[in-house]
Amino acid sequence: IYAKDQLFATLDPTTRKVALNSGKEILITDTVGFIKKLPHYLVEAFKSTLEEAIYADLLIHVVDISNNMHENQMAVVDSVLNEIGASENDMIIAYNKCDKIENFDIVKANSDRRSNEIYISAFNKIEINSLLEIIETESSKESSIIDLLIPYSEGSSLPLVHENGKIIEETYAENGIQIRVELDNITIAKLNKYLINI
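No experiment lies behind these values; they were computed from the predicted model shown.

1. Some remarks on the environment of K24
And step 1. Here K24 lies in the loop between β1 (14–19) and β2 (25–30).
And step 2. Taking the C-alpha atoms as reference points, K24 and H162, 138 residues apart in sequence, are found 9.8 Å from one another.

Here it is, written out as C-alpha cells:
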C-alpha cells in the first residue's frame, strides 16, 4: 500500500484479511487519517471515507506518540468519531512510532497503560504480534460457539460460515452438514434458521 508522510497521501479505505493465531480470520480496514479544522467543502467527502468505522466491531486508534501534540490529535479523533456515530464502538489504542521516543523503555515502565492500549512500531514490527493478541481477545468478546445444521440443498450458506467463523467440528449427517463453530453475533443472526441445540 502506498505510504508517504503527507496529508491525504491516500483517501480510499483499504481492507485486508488477517489471520489471527487461533486461525480465525478477520478483516482490517485502514481509513483515511483525521485532521483538525478540515475545510468545509472537504468535510462530507472526508466523513464518507470513515463509514467503515461506524460498522466496525472493533476500532484500532493508531496514535503517533512521537508527536508532541498526540493528545490533542486523539481528542480530534474522539470528536470526529462522536460526530459520525462511532464513539461507542470498542477500541484499542495503538501508540505507534514508539521507536522514535528517547528512553522509551523508561517511558513504558512508568506509564499507566490499560488493557486496551499498546505501544508499537509498525515500521519496525515492534509488538505487532501483541497487538494481534489484543485484537483476538477483544474480537472473542463478541462471538459465541454454536451448532448449526445446514441442509445439503442450502449449501450456499457454507461460505458465510467458513469465511466468518472458526470451525471446531464439521460432520456430514444424513440430513445435512452439522457444524460446531465460533461466530460473531451478526453472522449468527444471519444463520439463525440453522441453529440447533445439542
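2. Quick word on the sheet that holds strand β8 (residues 176–184)
And step 1. If you walk across this open sheet you meet the three strands as β6-β8-β7, and the pairing is antiparallel. Both outer strands of the open sheet, β6 (143–150) and β7 (166–173), are each paired with one neighbouring strand and no more. For this sheet the average axis-to-axis angle between neighbouring strands, irrespective of direction, equals 15°.
And step 2. As judged from the seven bridges shared by β7 and β8, these two strands associate in the antiparallel manner. Across the sheet, K166 pairs through a bridge with E182, a residue of β8.

3. Focus on the sheet that holds strand β4 (residues 90–96)
And step 1. On the basis of which strands lie adjacent, the open sheet formed by three strands has the order β3-β4-β5 and parallel pairing. Strand pairing shows two members of the sheet lacking a second neighbour, β3 (58–64) and β5 (117–119), which therefore form its edges. Each adjacent strand pair in this sheet contributes to an overall mean axis angle of 20°, direction not counted.
And step 2. Inspection of the sheet shows β3 paired to β4 by seven bridges, in the parallel sense. Bridging from a neighbouring strand, D64 pairs with N96 of β4.
And step 3. Across the sheet, helix α3 (residues 70–84) is in contact with β3 and β4; its angle to β3 comes to roughly 150°.

4. Some points on the nonpolar core
And step 1. Ranked by internal contacts, the top residues of the largest apolar core, which has 18 residues, are L81, I84, I93 and Y95.
And step 2. Those elements giving two or more residues to this core turn out to be β3, α3 and β4.
And step 3. Among the elements that take part in this core, α3 stands out by supplying six residues, more than any other.
And step 4. Ignoring sequence-local partners within four residues, the contact set of Y95 consists of V63, I65, M74, E117, I118, Y119 and I120.

5. Examining the pattern of salt bridges
And step 1. Applying the stated criterion across every chain, the model contains three salt bridges.
And step 2. One salt bridge in this structure joins D147 and R180, with 2.9 Å as the shortest N-O distance. Separated by 33 residues along the polypeptide, D147 in strand β6 and R180 in strand β8 bring together distant segments of the chain.
And step 3. One salt bridge in this structure joins K193 and E154, with 3.3 Å as the shortest N-O distance. Here E154 lies in the loop between β6 and α6 (158–164) and K193 lies in the segment after α7 (185–190), a separation of 39 residues in the sequence.

6. Some thoughts on α3
And step 1. The terminal C-alpha atoms of α3 lie 21 Å apart, and with 15 residues this matches the ideal 21 Å at 1.5 Å per residue to within 8%.
And step 2. Burial in α3 covers these residues: H70, M74, V76, V77, V80, L81 and I84. Buried residues in α3, looked at end-on, bunch into an arc of 155°, giving them a common side. Facing away from the buried side of α3 by more than 90 degrees, the exposed set consists of E71, N82 and E83.
And step 3. Positive phi appears at G85, one or two residues downstream of α3, with a value of about 85°.

7. Topic: helix α5 (residues 128–140)
And step 1. Its 13 residues place the ends of α5 18 Å apart at the C-alpha level, agreeing with the 18 Å of an ideal helix rising 1.5 Å per residue.
And step 2. Listed as buried for α5 are L131, I134, I135, E136, E138 and S139.
And step 3. On its buried side, α5 packs onto β2, β3, β4, β5 and β6.

About the criteria used
Each residue is numbered by its place in its chain's sequence as written, counting from 1. With the structure being a predicted model, the display of local features is reserved for residues of pLDDT at least 70 and the display and counting of side-chain atom pairs for 80 or more, all residues being used for whole-chain, interface and lining totals. Note that water and hydrogens are dropped before the side-chain values are worked out from all heavy atoms of the structure. Counting from the N terminus, the helices are DSSP H or I runs at least four residues long and the strands are E runs at least two residues long. Two strands qualify as a pair provided DSSP detects at least 2 bridges between them. A fitted line through C-alpha atoms represents every axis, and for helices the fit uses only the stretch in contact; the resulting angles, taken between N-to-C directions, go from 0 to 180 degrees. It only takes one pair of heavy atoms within 4.5 Å for two residues to be counted as in contact. Think of a nonpolar core as a cluster: buried Ala, Val, Leu, Ile, Met, Phe, Trp, Tyr and Cys residues, connected wherever their side-chain atoms sit within 4.5 Å. Working definition: with a 1.4 Å probe on protein chains only, accessible area under 20% of the residue-type maximum means buried, over 50% means exposed, and in between means partly exposed. Take a side-chain nitrogen of Lys or Arg and a carboxyl oxygen of Asp or Glu: if they are within 4 Å of each other, that pair is a salt bridge. Here a helix's expected span is defined as the number of its residues, less one, multiplied by 1.5 Å. To be clear, the arc concerns the directions from the helix axis to the C-beta atoms.

Note that every value here comes from positions in space, so none of it alone points to a role or purpose.
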